[in-house]
Amino acid sequence: MPHFGPLRVRGSKRRLRRALLRRRRATAAGLAMTAAALAATGAGGAIGAAGAGDDTRAGTAAGAAPTGPPAGARRAQRPAGMVSAPVRIADAATVRLLRRGDRVDVIAGVGAEAEARVVAACARVDEIPGALESVPEAGALIVLSVPRDTAAALAAASATTRLAVTVC
């Protein structure tokens, strides 16, 4: 086999740089579009890196207060006609599975003496204050974003029966 000199490819560095630059621009444009879509839908509570994405769940499990925007900022993002409704859920362990932004159905009358009925369908979880401080027998508190008439029905149901949640 004859001996060949080294091959010299010209312009490959420039082509490689241009390809990487196009790829970076496409990735940046995709990330910007995703951020805009998430901001428009109000799903900002679930955004984050793998370690920090579950900020409410991770902060609650570690015993620290959940992180996130202040309550005033969350109220400003709430759609018109929606109010915050604090609800005490009978099963505190179920509340530990929830995080801000989840959608839940609230069910009243769970027990042998009453027939179960859905009081609030697909309500958004706004906040889970002090999930670790709750006494298991007393249940745990969550704050839901619901229409005003649903908030009144939730208040009436929580005064007379125990409440449970299912994730939508």
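Residues numbered from 1 in each chain as written. Predicted model: local features only at pLDDT ≥ 70, side-chain atom pairs only at ≥ 80, totals over all residues. Heavy atoms only, no water.

The name given to the protein in an unreviewed UniProt entry is Flp pilus assembly protein RcpC/CpaB domain-containing protein, with the source organism recorded as Streptomyces corynorhini.

### Some words on the overall build of the protein
Put simply, the rule is: Helix and strand definitions follow DSSP, with helices as H or I runs of at least four residues and strands as E runs of at least two, each counted in order from the N terminus. Think of it in three bands: residues with accessible area under 20% of the maximum for their type are buried, residues over 50% are exposed, and the middle band is partly exposed, with areas taken using a 1.4 Å probe on protein chains only. Whether two residues are in contact is decided by their heavy atoms: any pair within 4.5 Å suffices.
Per the secondary structure count, the protein includes five helices and five strands. Put simply, the protein runs from its N terminus to its C terminus through helices and strands in the order α-α-α-β-α-β-β-β-α-β. Classification of the 168 residues of the protein by burial places 27% in the buried group. Considering only intrachain contacts with a sequence separation of at least 6, the fraction spanning at least 24 residues in the protein is 66%.

### Regarding the nonpolar core
Under the convention used in this document: Definition used in this section: a nonpolar core is a set of buried Ala, Val, Leu, Ile, Met, Phe, Trp, Tyr and Cys residues joined via side-chain atoms within 4.5 Å.
Ile 142, Leu 144 and Leu 154 are the most contacted members of the largest nonpolar core, which totals 24 residues. The set of elements that each furnish at least two residues to this core consists of strand 1 (82-89), helix 4 (92-96), strand 2 (103-108), strand 3 (117-127), strand 4 (140-147), helix 5 (148-160) and strand 5 (163-167). Apart from the residues lying within four places of it in its own chain, the contact partners of Leu 144 are Val 83, Ser 84, Ala 85, Val 87, Val 104, Val 106, Ala 123, Arg 124, Val 125, Asp 126 and Leu 154.

### Remarks on a positive patch on the surface
This is how the line gets drawn: For patch detection, residues must exceed 30% relative accessible area and be free of salt bridges, and they are connected within 9 Å for like charges or within 5 Å for nonpolar side chains (Val, Leu, Ile, Met, Phe, Trp, Tyr). All accessible areas in this document rest on Shrake-Rupley with a 1.4 Å probe, and a residue is counted as covered only by the protein chains that are shown. The term salt bridge refers to a pairing of a side-chain nitrogen on Lys or Arg with a carboxyl oxygen on Asp or Glu at a separation within 4 Å. Residues scored as positive are Lys and Arg, those scored as negative are Asp and Glu, and His as well as the terminal groups of each chain are ignored. The atom standing in for a charge is NZ when the residue is Lys, CZ when it is Arg, CG when it is Asp and CD when it is Glu.
Taken together, Arg 14, Arg 15, Arg 17, Arg 18 and Arg 22 make up a surface patch of like positive charges. Exposure remark for Arg 17: the relative accessible area of 58% places this residue in the exposed category.

### Some thoughts on unusual backbone geometry
With a phi angle near 50 degrees, Cys 122 is a residue other than glycine that sits in the positive phi range. In this fold, Cys 122 is placed in strand 3.

### Looking at the pattern of salt bridges
Taken as a whole and judged by the stated rule, the model has two salt bridges. Of the charged contacts, one joins Asp 102 and Arg 99 as a salt bridge, the two residues approaching to 3.8 Å between their closest N and O atoms. For Arg 99, a relative accessible area of 26% translates into the label partly exposed. One salt bridge in this structure joins Arg 124 and Asp 126, with 3.1 Å as the shortest N-O distance.

### Brief notes about helix 5
The periodicity of an α-helix, 3.6 residues per turn, causes residues three or four positions apart to be oriented the same way. In plain terms, the rule: Expected helix span is given by 1.5 Å per residue-to-residue step, counting one fewer step than there are residues. Note: the arc covers the axis-to-C-beta directions of the helix.
Across its 13 residues, helix 5 extends 19 Å between first and last C-alpha, which sits within 8% of the 18 Å expected from 1.5 Å per residue. Those residues of helix 5 that sit buried are Thr 150, Ala 151, Leu 154 and Ala 157. Along helix 5, the residues classed as buried sweep out an arc of 130 degrees about the axis, all on the same side. Helix 5 presents Arg 148, Asp 149, Ala 159 and Thr 160 as exposed residues on the side facing more than 90 degrees away from its buried surface. Among the structural elements, strand 1, strand 2, strand 3, strand 4 and strand 5 are those in contact with the buried residues of helix 5.

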